[in-house]
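Listed below are the residues making up each chain.
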Amino acid sequence: MNVVSRGFHGRRERVTPDLPPGQYLTRNFPVLQAGPTPRVDLDTWQFTISNEAGAKYSWSWRELLALPSEKPTVDIHCVTRWSKLGTTWQGVSLDTLFENVETAADFALVRSYGGYTTNMPLEDLLDGRAWIAYKYDGEDLSGSHGGPARLLVPHLYFWKSAKWVTGIDLLNEEEPGFWEQLGYHSYGDPWREQRYSND
Ligand SMILES: Nc1nc2c(c(=O)[nH]1)N[C@H]1C(S)=C(S)[C@@H](COP(=O)(O)O)O[C@H]1N2
Ligand SMILES: [Mo]
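It should be emphasised that the depicted structure is a prediction, and the values quoted were computed from it without experimental measurement.

How each quantity is defined
Residues numbered from 1 in each chain as written. Chains lettered and ligands numbered in written order. Predicted model: local features only at pLDDT ≥ 70, side-chain atom pairs only at ≥ 80, totals over all residues. Heavy atoms only, no water. Salt bridge = Lys/Arg side-chain N within 4 Å of Asp/Glu carboxyl O. Helix = DSSP H or I, 4+ residues; strand = E, 2+ residues; numbered from the N terminus. Buried < 20%, exposed > 50% of the residue type's maximum accessible area, 1.4 Å probe, protein only. Near = heavy atom within 4 Å. Polar contact = N/O pair within 3.5 Å; in protein donor to acceptor, adjacent residues only side chain to side chain. Areas by Shrake-Rupley, 256 points an atom, 1.4 Å probe, with all protein chains shown as cover. Nonpolar A, V, L, I, M, F, W, Y, C, P; charged D, E, K, R; others polar.

Engineer: Please clarify how the pattern of salt bridges should be interpreted in this entry.
Structural biologist: It is possible for side chains bearing opposite charge to pair when their charged atoms get close. One pass over the full model with this rule turns up 7 salt bridges. Its salt-bridge partner being Arg129, residue Asp124 comes within 3.7 Å of it at the nearest N-O pair. Ionic pairing is found between Glu180 and Lys160, a salt bridge with its closest N-O pair at 2.8 Å. Linking Glu180 in helix α3 (residues 178-181) with Lys160 in the loop between β10 (150-152) and β11 (165-171), this pair joins segments that are 20 residues apart in sequence. Take Glu180: its relative accessible area is 8%, and that puts it in the buried class. When salt bridges with common partners are traced through the structure, they connect Arg81, Glu193 and Arg195 into a single cluster.

Pasting the structure below:
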């Protein structure tokens, strides 16, 4: 007989070990955004990394597509509690974009067309953990999911994965982004349930 019941521990076991605490699985792909979908023209599209000294490193759309790409399959976790497992993307690793960037900065502020921002430590964008993604599920990334290109940084809550991304500012001091200024956690690790600033 199993004398130690599940209830004895006072918490429910998670259905799947891939699901962070407080999350539920969805098979849909919800659209979440603070404002309207911006119109982004590929002829003028630019992605710019600005370092702490003000030097700028920019790529046009054509230059981005010419870089070697990867096809990550990752789990994504929204702070509103939905998670989607095994999503498939294509994009350029931030390691590739940072190859020739000179910086000693510790922090990044990611910028989007439309004015959205989000912050994270620079190291979270490196070591194979973040991409500028332009395809989802084998198709060009739709505008509603951040196309033509979005940041994909799946080990943090999905608000960090800025849609319609246009650049990254490298900073010596942490600067909170859009949701972080409104009380969301500055780091946002779903496994540690860092939803709000005091979590
Ligand atoms: N530019 C921009 N990026 C954004 C947002 C936004 O409002 N604007 N919302 C964030 C939030 S809260 C989430 S959960 C995801 C949602 O991405 P999806 O609409 O593709 O599911 O985008 C993130 N990136
Ligand atoms: Mo979100």
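Back to the write-up after that little detour.
Engineer: Can you walk me through the site of ligand 1 in this structure?
Structural biologist: Not every one of the 19 residues close to ligand 1 is listed here, only the nearest: Pro30, Ala34, His145, Arg150 and Lys163. Between ligand 1 and Arg150 there is a distance of 2.7 Å, counted from an oxygen atom to a side-chain nitrogen or oxygen. In the environment of ligand 1, a nitrogen atom lies 3.1 Å from a nitrogen or oxygen atom belonging to the backbone of Ser161. Coverage of ligand 1 by the protein amounts to 97% of the 540 Å² it exposes when considered alone. The residue makeup of the shell around ligand 1, split by class, is 12 nonpolar, 5 polar and 2 charged.

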